[in-house]
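This is what each chain is made of:
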Amino acid sequence: MKWTVHMQPNPTPTIEPSSNQTTVHGHQPQTGALLSKQQVAKRLNVSTRTVNNLMSDGSLVPIRIRSVLRFSSESVEALIDDSRDSQLEHMNP
């Protein structure tokens, strides 16, 4: 991944990924936070068992880092958006 340094008016530079990011194993790099199963459950206001069910049915795909499961904040937000969209479709046939 290439990084671009942007100088701010203050003396502290910020570092951001450049726009021409390369893929790793065919996937674009994620830029958001990684969440634990407990954090996802809290964000969705459900139990960790429900998070397990969402993983089982493919609705939520974890990122495995060695033996630890994490979830991208983008995938959790996408799940919320998809759920909201499907509810709207059922309300307005």
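Quick caveat, the model's predicted, so the values are computed rather than measured. (Residues numbered from 1 in each chain as written. Predicted model: local features only at pLDDT ≥ 70, side-chain atom pairs only at ≥ 80, totals over all residues. Heavy atoms only, no water.)

### What to know about a nonpolar patch on the surface
This is how it is decided: What makes a patch is a set of residues exposed beyond 30% relative accessible area and free of salt bridges, joined within 9 Å when like-charged and within 5 Å when nonpolar (Val, Leu, Ile, Met, Phe, Trp, Tyr). Working definition of accessibility: Shrake-Rupley area with a 1.4 Å probe, residue cover restricted to the visible protein chains. For salt bridges, the criterion is a side-chain nitrogen of Lys or Arg within 4 Å of an Asp or Glu carboxyl oxygen. Secondary structure counts use DSSP, requiring at least four H or I residues in a row for a helix and at least two E residues in a row for a strand, with both numbered from the N terminus. Relative accessible area decides the class of each residue, using a 1.4 Å probe on protein chains only: under 20% of the type maximum gives buried, over 50% gives exposed, and in between gives partly exposed.
Taken together, the side chains of Leu34, Ile63, Ile65 and Val68 present a nonpolar region at the surface, about 280 Å² in accessible area. Note that Leu34 resides in strand β3 (residues 34-35). Exposure remark for Leu34: the relative accessible area of 39% places this residue in the partly exposed category.

### A few points about the nonpolar core
Threshold: The term nonpolar core refers to a set of buried residues drawn from Ala, Val, Leu, Ile, Met, Phe, Trp, Tyr and Cys, joined through side-chain atoms within 4.5 Å. Residue contacts follow a heavy-atom distance rule, with two residues in contact if any of their heavy atoms lie within 4.5 Å.
Of all hydrophobic cores here, the largest spans eleven residues; its members are Leu35, Val40, Ala41, Leu44, Val51, Leu54, Leu60, Phe71, Val76, Leu79 and Ile80. Sequence-distant contacts of Leu79, that is, excluding residues within four places in its chain, are made with Leu44, Leu54, Ser59 and Leu60.

### A look at the pattern of salt bridges
Between side chains of opposite charge, a pair can form as their charged atoms come close. On inspection of all chains with the given rule, the structure shows two salt bridges. For Arg43, the salt bridge is made with Glu77, and the minimal N-O distance between the two is 2.9 Å. Taken together, the residues span a long stretch of sequence, with Arg43 in helix α1 (residues 37-44) and Glu77 in helix α3 (residues 73-91) at a distance of 34 residues. Arg43 gets classed as partly exposed once you look at its relative accessible area, which sits at 43%.

### Considerations on the sheet that holds β3
What counts here: Here, strands pair whenever DSSP counts at least two bridges between them.
Across the sheet, which stays open at both edges, the three strands sit in the order β3-β5-β4 with antiparallel pairing between neighbours. For this open sheet the edge positions go to β3 and β4 (63-65), each flanked by a neighbour on one side alone. Examined bridge by bridge, β4 and strand β5 (residues 68-72) share three bridges and lie antiparallel to one another. Across the sheet, the residue bridging to Ile65 is Val68, located in β5.

### Some words on the pairing of β5
Bridge analysis of β3 against β5 gives two bridges, and the strand direction is antiparallel. Paired with Leu35 across the strands is Phe71, a residue of β5. Hairpin connection from β4 to β5: two residues lie between these consecutive antiparallel strands, with Arg66 at a positive phi of about 55°.

### What about the confidence of the model for the protein?
Basically, it comes down to this: A residue's pLDDT is the confidence the predictor assigns to it, expressed on a 0 to 100 scale.
Confidence along the protein averages 77 in pLDDT terms, with 59% of residues attaining 70 or more. Across the protein, helix α2 (residues 48-56) holds the top mean pLDDT of 97, while strand β2 (residues 14-17) sits lowest at 52.

### Structural notes on α1
Threshold: Regarding the arc, it is the one traced by the directions from the helix axis to the C-beta atoms.
Of all the positions in α1, only Val40, Ala41 and Leu44 are classed as buried. Relative to the axis of α1, the buried residues are bounded by an arc of 100° and lie together on one face. Opposite the buried face of α1, by more than 90 degrees, sit the exposed residues Gln38 and Lys42. Directly after α1, the chain includes Asn45, whose backbone phi takes a positive value near 60°.

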